[in-house]
Amino acid sequence: MKVEVLMSNDNDEVHNKIIADIAELINSKNLEPGDKLPSERMLSEKFGVSRGLVRESINKLEFYGLLKSIPQSGTFVAEMGIIAMNGMVQDILELEVPDFKSLVETRILLELKIVKLASLRRTDADLLNIKHALEAYEEKILNGQKAVQEDLLFHLAIAKACGNSMLNAFMLKITPEIITNFRKYHVCVNELTKSAINEHRAIYEAIKAKETTTAREAMKVHFKTLYQYCYNVE
C-alpha cells in the first residue's frame, strides 16, 4: 500500500465543484437510480478538469453511497431517490474540515473497536500483514530512523483485519491526516521510540492470541498520549 495515495490533498474546493456539477448533470438529464453516468473522459472534458480529479470526486460520492462504480462497466446512480440524493450532496458540500482534536478523538474510538474485532476475526494472512508492518516499524526505530509511515501501515493492517469494510474505510480516510500532523500540533513528538515498539508488539501478540480484552487494553496503553491530548487527563 502506498502511503502517498492516502494523504489528503488541497483540492477539496475543486472536488466540491465537480460534485455539484455531477449532481446538476444527474438532475438536468433526469437520470434515475441505475442509470449510467458519462465516462470519466467525457466528464473531464465537460467540466474542464483532469480525469484524476473527476475520479477522486466520483470516489467520494461512491464512499457516501450516491454512486456505484462497476469495473469494465462504468459509474451508475445509486439506488436512492433523487430528492434524497440532492439532500445528501448538499450535506457533503457543507461538511466542515474537522479540527485536529476531533480527528484524534474519532481515531481513538474507532481503533478501540477495530482492535477488538481484529482479535476476533483476523485470518492467518491478516496476522502476517500485521507482523510484516510491525517488523518494518521496529527496523526503522532501531536504526534511528523516522517510522511515521510504518506506524501508519501497522494501524491500517489492523483495520483491514477487523473484517468491517466501513470501519476500514474510515481509518483509511482519517488516520493518514492525523499521523502526518502530529508534529504540527505537538502531539506524540517523542512517541516513535523503543518503548513504542513494546506497545506495538503487545497489540500484535494480543491479536495473535485472539485475546480481545487484552488487545483493547494494549491499544489504550498505546494511546495514552492521545488520551492526554484529547481529555486533559494524566
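Bear in mind the structure is a predicted one, so any value in this text is a computation, not a measurement. (Residues numbered from 1 in each chain as written. Predicted model: local features only at pLDDT ≥ 70, side-chain atom pairs only at ≥ 80, totals over all residues. Heavy atoms only, no water.)

Draft legend 1. Quick look at the side chain of Arg-107. Following the sequence through the fold, Arg-107 ends up in helix α5 (residues 100-121). A relative accessible area of 2% places Arg-107 in the buried class. (Helix = DSSP H or I, 4+ residues; strand = E, 2+ residues; numbered from the N terminus. Buried < 20%, exposed > 50% of the residue type's maximum accessible area, 1.4 Å probe, protein only.)

Draft legend 2. How the structure looks around the packing of helix α9 (residues 194-208) against helix α10 (residues 212-222). Between α9 and α10, the shortest axis-to-axis distance is 8 Å and the interhelical angle comes to 165°. As summarised for this structure, α9 and α10 are arranged roughly antiparallel, according to the angle between their axes. The two elements α9 and α10 cross, and the hand of that crossing is left-handed. Taking contact as the criterion, the partners of Glu-199, His-200, Ala-202, Ile-203 and Ala-206 in α9 are, on α10, Thr-214, Ala-215, Ala-218, Met-219, Val-221 and His-222. Among the residues making up the contact of α9 with α10, the classes are represented as seven nonpolar, three polar and one charged. (Axes fitted to C-alpha atoms, helices over the stretch in contact; angles between N-to-C directions. Parallel < 35°, antiparallel > 145°, perpendicular 65-115°, else oblique. Left-handed = near helix turned anticlockwise from the far one by under 90°. Contact = heavy atoms within 4.5 Å. Nonpolar A, V, L, I, M, F, W, Y, C, P; charged D, E, K, R; others polar.)

Draft legend 3. Structural detail: empty space enclosed by the protein. Inspection of the entire model under this criterion finds one cavity of 30 Å³ or more. Reported here for the largest cavity is a volume of approximately 30 Å³. Of all the elements in the fold, those that place two or more residues in the lining of the largest cavity are α1 (12-28) and α4 (82-93). Class assignment for the residues of the lining of the largest cavity results in nine nonpolar, no polar and no charged. (1 Å grid on protein atoms, 1.4 Å probe; cavity = no way out; pocket = protein on both sides within 12 Å on 5 of 7 lines; lining within 4 Å. Points joined across faces, edges and corners; volume = space filled by probe spheres on them.)

Draft legend 4. The arrangement of the side chain of His-222 in detail. Here His-222 lies in helix α10. Owing to a relative accessible area of 13%, His-222 belongs among the buried residues under this scheme. In this structure His-222 touches Asp-151, His-155, Glu-199, His-200 and Ile-203, once residues within four positions along its chain are discounted.

Draft legend 5. Broad picture of the nonpolar core. Counting 36 residues, the largest nonpolar core has Ile-114, Ile-130, Ile-158, Ile-203 and Ile-207 as the members making the most contacts within it. Of all elements in the fold, only α5, α6 (124-142), α7 (148-161), α8 (165-180), α9, α10 and α11 (224-231) reach the threshold of two or more residues within this core. Counting residues per element, this core draws most heavily on α5, which supplies 10 residues. The contact partners of Ile-130, leaving out residues within four places of it in the chain, are Phe-154, Ala-157, Ile-158, Ala-161, Tyr-204 and Ile-207. Counting residues in each nonpolar core, the second largest holds 21 residues, with Leu-43, Val-54, Leu-66 and Val-89 among its members. (Core = buried A, V, L, I, M, F, W, Y, C linked by side-chain atoms within 4.5 Å.)

Draft legend 6. Focus on the confidence of the model for the protein chain. For the protein chain, the mean per-residue pLDDT works out to 84, and 86% of the residues sit at or above 70. Between residues 1-8, whose pLDDT stays under 50, and residues either more than four places distant or in other chains, the model counts 15 contacts. (pLDDT = per-residue confidence, 0-100.)

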